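One-letter residues, chain by chain:
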Amino acid sequence: MDGTEGESPTIRVLYVDDDEGLLALTKRFLESTDDGIEVETTDSPQRALALLERESFDAVVSDYQMPEMSGLELLSVLRDERASDIPFVIFTGRSREEVAIEALNLGADSYLQKGGDPTAQYGVLRQTLVRITEHRRAEQRLREREAHLRVTLDSIAEGVVATDASGTVTQLNRTAEDRTGYDADAAVGKPLSDVFHLVNAETGERIDPLQRVAEAGGPVELGAGTKLVTSDGDERYIEDSMSPIRTDDGEVEGVVVVFRDVTEAYRERERRERQRRALIDLATDETVIAGSFEDALPRITETMATVLSVERASVWLFDDAETLRCVDQYDQVSGGHTAGATLTASNYPSYFEALEANRSLGVDDVQTDPATAELRNGYLEPKGITSMLDATVRSGGEVVGVVCHEHVGEPRQWRTDELRFAAEVADNVVIALMRATDVDALPANDEGDGTGEANADESAGEHGE
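Below, the structure is looked at part by part. As the structure is a prediction and not an experimental result, all values here were calculated from the model.

1. Brief notes about a negative patch on the surface
Thinking step 1. A cluster of acidic residues, Asp248, Asp249, Glu251 and Glu253, forms a negative patch on the protein surface.
Thinking step 2. Among the secondary structure elements, Glu251 is positioned in the loop between β11 (235-246) and β12 (252-261).

2. Re the pattern of salt bridges
Thinking step 1. Enumeration according to the criterion identifies 26 salt bridges in this entry.
Thinking step 2. Between Glu55 and Arg12 there is a salt bridge whose closest N-O contact spans 2.8 Å. Taken as a pair, Glu55 in the loop between α2 (45-54) and β3 (59-62) and Arg12 in strand β1 (residues 11-16) lie far apart in primary sequence, 43 residues in all.
Thinking step 3. With a relative accessible area of 9%, Arg12 lands in the buried category.
Thinking step 4. Asp17 is the salt-bridge partner of Lys114, the closest N and O atoms lying 2.6 Å from each other. Of this pair, Lys114 sits in the loop between β5 (110-113) and α5 (118-155) while Asp17 is found in the loop between β1 and α1 (20-31), placing the two residues 97 residues apart along the sequence.
Thinking step 5. Three or more residues joined by partner-sharing salt bridges are found here, namely Arg12, Glu38, Glu40 and Glu55.

3. What to know about the packing of aromatic side chains
Thinking step 1. Throughout the structure, instances matching the rule amount to 8 aromatic pairs.
Thinking step 2. Ring centres of Phe196 and Phe259 lie 5.0 Å apart, and the angle between their planes is 50°; this geometry places the pair in the tilted category. Of the two residues, Phe196 sits in the loop between α8 (192-195) and β8 (197-200) while Phe259 sits in strand β12, which places them 63 residues apart along the sequence.
Thinking step 3. In this structure Phe196 comes out as buried when scored by relative accessible area, which is 0%.

4. What about the sheet that holds strand β2 (residues 37-42)?
Thinking step 1. Strand order in the open sheet formed by 5 strands is β2-β1-β3-β4-β5, with parallel pairing between adjacent strands. Pairing within the sheet leaves two strands with one partner each, and these edge strands are β2 and β5. Across the sheet, the mean angle separating the axes of adjacent strands is 20° when strand polarity is ignored.
Thinking step 2. As paired strands, strand β4 (residues 88-92) and β5 are joined by 4 bridges and run parallel to one another. Opposite Phe91, over in β5, you have Leu112 as the bridge partner.
Thinking step 3. In this fold α1 packs onto β1, β2 and β4, with an angle of close to 175° to the strand it touches most, β2.
Thinking step 4. Contacting β1, β3 and β4, helix α3 (residues 71-81) crosses the sheet at an angle of about 175° to β4.

5. Focus: the environment of Asp194
Thinking step 1. Here Asp194 shows up in helix α8.
Thinking step 2. Asp194 sits in the partly exposed class, given a relative accessible area of 42%.

6. Some words on the packing of helix α12 (residues 293-308) against helix α15 (residues 416-435)
Helix packing for two helices is described by the angle between their axes and how far apart those axes are.
Thinking step 1. Packing of α12 against α15 leaves a shortest axis separation of 10 Å and a crossing angle of 175°. In terms of their interaxial angle, α12 and α15 are classed as roughly antiparallel. Judged by residue contacts, Phe293, Ile300, Met304, Val307 and Leu308 of α12 engage Glu418, Phe421, Val425, Val429, Ala432 and Leu433 from α15.
Thinking step 2. Within the contact of α12 with α15, the residues separate by chemical class into 10 nonpolar, no polar and 1 charged.

Reading guide: rules and limits
- Residues numbered from 1 in each chain as written.
- Predicted model: local features only at pLDDT ≥ 70, side-chain atom pairs only at ≥ 80, totals over all residues.
- Heavy atoms only, no water.
- Patch = residues over 30% accessible without salt bridge, like charges linked within 9 Å, V, L, I, M, F, W, Y side chains within 5 Å.
- Areas by Shrake-Rupley, 256 points an atom, 1.4 Å probe, with all protein chains shown as cover.
- Salt bridge = Lys/Arg side-chain N within 4 Å of Asp/Glu carboxyl O.
- Lys, Arg positive; Asp, Glu negative; His and termini not counted.
- Charge placed at Lys NZ, Arg CZ, Asp CG, Glu CD.
- Helix = DSSP H or I, 4+ residues; strand = E, 2+ residues; numbered from the N terminus.
- Buried < 20%, exposed > 50% of the residue type's maximum accessible area, 1.4 Å probe, protein only.
- Phe/Tyr/Trp six-rings, centres within 6.5 Å; stacked < 30°, edge-to-face > 60°.
- Pairing = 2+ DSSP bridges.
- Axes fitted to C-alpha atoms, helices over the stretch in contact; angles between N-to-C directions.
- Contact = heavy atoms within 4.5 Å.
- Parallel < 35°, antiparallel > 145°, perpendicular 65-115°, else oblique.
- Nonpolar A, V, L, I, M, F, W, Y, C, P; charged D, E, K, R; others polar.

Shown next, in the form of structure tokens:
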């Protein structure tokens, strides 16, 4: 029970003894000092259990031998049945050694013998109650601080791993568990090198955090070229800082590692660099700039499929306002090129409207997206397409075609840089079209072309409409 501000907290004690004279005497002695002890008494262990159920006490003092149950039986109920860790003192006139041993084995905090000088006797009891109560409160404060620290560590985005002086893991926060693949129970007690497996991304050389900190004699930072190998062998790029944990006298008692996962940022940089190189290659490719649109198309679609890692990439042009015709489709698996398939606005109005309204159209789930769902039976399912990224080819503000990227497998979430890359490839298609000097430079549109992949629900007459 807390005292008023500026005063020591009251120690509230429950004293259990079948001797009513001792109840009153003990209560008077304990409450007569300035230690802030408040005593509640009862001659019944069963009533004591009821009081402990509904009221808050800081400690229990109990006689050993009582009619209803012994003090040891009362202690056993509290420890075993109620899982209570309330400080417990056996206060008895019996001096048998086996009773004291059993009391301590059951979880008693102290065993005191009645008798002798009352002042000395109750002085020892009072000191014992103050000591065990302060100890318990200190433990509670420590647990609360540890719990607060745990909540704080678990709430931050960075992973945190701490070790002792020997390099053995003592703590992981939740982010570190997620990133390393080890839960705290499995990781604590293991060497840091087993849980926090670092390698240099360029050389593959193993990095020893403890050695780095020891050599530097202070904090060490590792850049984005560092990989963390997880428990299942996955590799994640991280940036981290490692610092020694020192005691007040400067002795190193461990190391703390704080790190963040930069894999997505690293991979985005890699993607952007691949995209940048691909666009430069297309802009300087002799086939693309030579003026023959038909020769440029395979180079463009192969680049699209490779850079975006899709199953198929294609270029479609409008024959008229209603009909899109595939002029080249590249399949990465077979390595072949096909052409001739058509799509008509009357069969797929939502898709055509989406093309008109968007510069780039990234659809993560083609089966459910309103822009592509109507393509399901005639086009998507036969080809196993789950995600699609289209970018419109525009000339003079008008949509004249579309570049299409078809992903097969688990639905894919298109990233902003990928949408931008698709749009820039579409711009290259426009440039290649403009370089075509006459209609003969454009791909032929022969009706009945055996290389076409017309949709099952489209008539043969749609070719070349």
